[in-house]
Amino acid sequence: MNTRPEDLHEAGKLPFSRRTFLKGSAGLVVAFSIFDPRELIAAEGATDASVASPASGKLYAWLAIRPDNTATLFTGKVETGTGVETALGQIAAEELEFPIDALDVVMGTTSQTVDQGPTYGSMSVRYAGPQIRHASAAARKALLDLAAAHFKLPAGQLSAKGGKVSVIGMPDQTISYGDLVGGKRLDIDIGASGEGFKLKVAPDAPIKDPSTYTVVGQFVRRKDIPAKVMAQFTYIQDVKVDGMLHGRVVRPYGVQAELISVDESGLKDIPGFVQVVRRGNFLGVVAKTEWAAIQAADKLGSNLDPDGPQAGQAKWSDWHGLPAQEAIWDTVRKTVGGNTSVAAKGSVDMTLPFAAKTVHATYQTPFQMHGSIGPSCAIADVRKDSATFWAGTQMPHQMRADMAEMLGIAEDRIDVKWYEASGAYGRNGLEHVIPDAALMSQAVGRPVRVQWMRWDEHGWEPKGPPIVQDLTGALDKDGNIVAWRHHMWVPTTGDTRLIAVELAGLPQIGSEGQGDAAINYAYTFDNADVACHGVGRVGLLTAWLRSPAQFETTYAMEAFIDELAAAANQDPLSVRLKYLGDRRAIDVLRAAADLYGWESRPSPAKGQDGKLAKGRGIAWVNRDDVRVATIADVTVDRESGEIRAKRVVVAHDCGLVVNPDGLKNQIEGNVIQSLSRTLHEEVTFDNAHVTSRDWEGYPILRFEEIPDRIDIVLVNNRPEYPSYGGGEPSTCPTAAVISNAVYDAIGVRLRQTPFRPERVKAAMSRTG
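Residues numbered from 1 in each chain as written. Predicted model: local features only at pLDDT ≥ 70, side-chain atom pairs only at ≥ 80, totals over all residues. Heavy atoms only, no water.

Q: Describe the overall build of the chain, naming the residues involved and giving the relevant values.
A: In terms of regular secondary structure, the chain is built from 19 helices and 26 strands. Taking 27 Å as the expected radius of gyration for a compact globule of 768 residues, we find that the chain reaches 28 Å, a close match to that expectation. By principal-axis analysis of the C-alpha atoms, the chain measures approximately 80 × 80 × 45 Å. With an accessible surface of roughly 28,500 Å², the chain has 50% of that area assigned to carbon and sulfur atoms. Across the chain, the mean location of the 81 positive side-chain charges is 2 Å away from that of the 93 negative side-chain charges. (Helix = DSSP H or I, 4+ residues; strand = E, 2+ residues; numbered from the N terminus. Rg over C-alpha atoms; globule rule 2.2 N^0.38 Å. Areas by Shrake-Rupley, 256 points an atom, 1.4 Å probe, with all protein chains shown as cover. Lys, Arg positive; Asp, Glu negative; His and termini not counted. Charge placed at Lys NZ, Arg CZ, Asp CG, Glu CD.)

Rendered as structure tokens:
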């Protein structure tokens, strides 16, 4: 479901909240329009009543059925382009026995939905799916009970199908759900316990046998795509609120520089300029128009290429505390943190002296950014004792709590109205732009829309951290792997502290966190030592990007086992299968090999003497119980160093798939984005700040570089397997696959991403 901006200003609509209605209804009978999600979302501005989330143990918290026999599913999850809106709708329609096309979905808005935890980590279908399944099953039972009273028959003599209840054996005795509900809200206790991911809903509801599913597992058209294709979709960047002003942030020249002074001369000459907002080191401008805000921010020093901390009318201290970019991995190694053992078996140290061959390698991966095409945006309307936000955050309920803490306003007086953002995934700038808008709205007493400039997004959004990994492997005289050591140094991927809060000098919200191994080690080597040195923030703010840290650890683990296979002159697939006991891992590797047409041989391939060399690579991952194996064909231009992925094969096992078409779309997206991260993406910085502040400085994959083919096979897609979710896992193998394919093509190992042409040529020069 999506609401266009003009809907927000439709004449005659009054400020209205779900809670306002519930308190004022004084009974069960309601008008259909009350449940129109467009009206609910159009409610704007602060009200005098609580805007708390509905109680999770009430059926109306999850579903509404209208007299025209259409329905709405309410979920605290949000759409981030993965198709979860449609998938969760399919789960509800399945259990409710309701037409999926007549079911719309309201997502995220805190006053209308239950807190089911943030939308991240491929957890929506896995955790929210069962919650919605049970709530919908409870609704089906309630409707059968209503029909039993209507027909004066036991519920066991009735059947529910297609949004109707019929008497078994009497097809002319039928009544629709809409007629049964009769315009009433579903004020029924269904029971609930726990919260977030651990929320249990309607535990006694009679859910369907998965073998009888008719909606789950089917190719259902995504609900969000038509409006996006026809340019009718309303992203958060499109939302307008009556009376709103426009804001822009002015960030410090150096990441931790202090604001010395602000010269406001000339700002009032900008038509529409309203006010400078300064709080500690937080600096922003507010104007009546977006252009005026951009002009005012530019005068203060917010632009793509600032000349220095004193170049704008805002003067900053000359801070140069970032480590040197080329030394970032040494800095990570030397940062104090905590150690975690992932696997410890036998003794690597006692095995190495007796090995026939020992291999050592170090893998390095840089800071990377989300690279969101749409700059982060939010609107805030902060009043004395209430606040309303329009935002694209992936965690609206947590953000409501954060804003309550920052503003000193009770949570039930804050509403976060969720809209999908252009470029929404991971923890990018969408969480941080909300407090930016809040501080500016609080200062001027009016709604303020803040949109980051491109250099704000590239320069200040949380990054994926730089990671360094040392690996050692040993072979005996027969080519068996007898020892494996994998040590990794990982900065935090979970720093949830807010930029605006830190700059303003407010009490800390969130926490720094510490990096973890983010790896599922599954090989059965007799002697193994896998450990992680986790640290906090190193230089730049870091948080979760897609498959946080596991994209990098899979790269090192799966590229290094290829190194050992090559050292043993063995086929890389056979080596993996020899040392795996995980049946599902073996299944995906074999499925990918079958689809690809894998022929057993060692790498590198023979007869590669031309300008263009061809190679193949393989890798797999277990991310959160999802197994993925990927194989890719690449070409390497020996003269330019350019790598092209021509064909990619993915075998994917996430259990029972809710929407195969949606999953395949997500897998294709993951392959393309992770290919971009593998070949192009690296944040650059000097001692003061990020220097890759536009698309030229931070290039991403271009359309002509997308593989010619991405072939996908779904493994173990059967009712006896639970649904694990597929948002991220197919991201993980790509860097290893490409690295292995390059070695197969030209016999050169690439141990540092991205594989830009100059880095490939340098590696070729070192190898000779």
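Q: Describe helix H17 (residues 660–679), listing the residues and the values that go with them.
A: A rise of 1.5 Å per residue sets the reference length of H17, with its 20 residues, at 28 Å; its end C-alpha atoms lie 28 Å apart and thus fit the reference within 8%. Of all the 20 residues making up H17, 14 are buried; the element is thus mostly covered by neighbouring parts of the structure. (Expected span 1.5 Å × (residues − 1). Buried < 20%, exposed > 50% of the residue type's maximum accessible area, 1.4 Å probe, protein only.)

Q: Mind laying out the side chain of Asn-69, listing which residues take part and the relevant values?
A: Summarising the element assignment, Asn-69 is placed in the loop between strand S1 (63–65) and strand S2 (71–75). Accessibility expressed as a relative area gives 16% for Asn-69, which makes it buried. Side-chain polar atoms of Asn-69 contact the backbone nitrogen of Tyr-177, separated by 3.3 Å. Setting aside its immediate chain neighbours within four residues, Asn-69 contacts Phe-98, Ala-102, Gly-163, Ser-176, Tyr-177 and Gly-178. (Polar contact = N/O pair within 3.5 Å; in protein donor to acceptor, adjacent residues only side chain to side chain. Contact = heavy atoms within 4.5 Å.)

Q: Outline the packing of aromatic side chains, listing residues and values.
A: Enumeration over the complete set of coordinates arrives at 15 aromatic pairs. Judged by centre distance (5.6 Å) and plane angle (80°), the ring pair of Phe-367 and Phe-685 falls under edge-to-face. Residue Phe-367 is found in the loop between strand S15 (357–365) and strand S16 (377–382), and its partner Phe-685 is found in the loop between H17 and strand S26 (709–714); the two are separated by 318 residues along the sequence. Comparing Phe-367 with Phe-685, the two get one shared label, buried. Here the aromatic rings of Tyr-523 and Phe-525 are separated by 5.4 Å at their centres, their planes lie at 20°, and the arrangement is stacked. (Phe/Tyr/Trp six-rings, centres within 6.5 Å; stacked < 30°, edge-to-face > 60°.)

Q: Go over the environment of Ala-155 with me, naming the residues and quoting the values.
A: Within the secondary structure, Ala-155 is located in the loop between helix H4 (124–151) and strand S4 (158–161). Taking C-alpha positions, Ala-155 is 56 Å from Arg-677, a pair spaced 522 residues apart along the chain. Here Ala-155 is in contact with Leu-144, Asp-145 and Ala-148, once residues within four sequence places are set aside.

Q: A description of the state of the cysteines should follow, citing residues and the corresponding values.
A: A covalent bond bridging the sulfur atoms of two cysteines is what the word disulfide describes. What the rule picks out here adds up to zero disulfides. Distance from the sulfur of Cys-532, which forms no disulfide, to the nearest cysteine sulfur (Cys-732) is 15 Å. Take Cys-654: it sits in no disulfide, and the sulfur closest to it among the cysteines is that of Cys-732, at 13 Å. Cys-654 sits in the buried class, given a relative accessible area of 5%. (Disulfide = S-S within 2.5 Å.)

Q: Lay out the packing of helix H10 (residues 396–407) against helix H11 (residues 433–444) with the relevant residues and their values.
A: Between H10 and H11, whose axes approach to 11 Å, the crossing angle comes to 40°. Where H10 crosses over H11, the handedness of that crossing is right-handed. Within the contact between the two elements, H10 uses Met-399, Met-403, Met-406 and Leu-407 and H11 uses Ile-434, Pro-435, Ala-438, Leu-439 and Gln-442. Considering only residue class, the contact of H10 with H11 consists of eight nonpolar, one polar and no charged. (Axes fitted to C-alpha atoms, helices over the stretch in contact; angles between N-to-C directions. Left-handed = near helix turned anticlockwise from the far one by under 90°. Nonpolar A, V, L, I, M, F, W, Y, C, P; charged D, E, K, R; others polar.)

Q: So what's going on with the pairing of strand S25 (residues 643–653)? Which residues, and what values?
A: Among the 11 residues that make up S25, nine are buried, leaving the element largely enclosed by the rest of the structure. Relative to S25, strand S24 (residues 626–637) is paired through 10 bridges, and the arrangement is antiparallel. Note that in S25 the partner of Ile-631 across the bridge is Val-649. In this structure, the hairpin formed by S24 and S25 is closed by a connection of five residues, where Gly-641 is found at a positive phi of approximately 85°. Strand direction decides the pairing type here: S25 and S26, joined by six bridges, are parallel. (Pairing = 2+ DSSP bridges.)

Q: Give a detailed account of the packing of helix H14 (residues 550–567) against helix H18 (residues 734–746), specifying residues and quantitative values.
A: H18 packs onto H14 with a crossing angle of 30° between their chain directions and a minimal axis gap of 7 Å. Considering their axes alone, H14 and H18 lie roughly parallel with respect to each other. For the element pair H14 and H18, the recorded crossing hand is right-handed. Contacts between H14 and H18 involve Phe-551, Thr-554, Tyr-555, Glu-558, Ala-559, Asp-562 and Ala-566 from the former and Ala-735, Ala-736, Ser-739, Asn-740 and Tyr-743 from the latter. In the contact of H14 with H18, the residues fall into seven nonpolar, three polar and two charged. (Parallel < 35°, antiparallel > 145°, perpendicular 65-115°, else oblique.)

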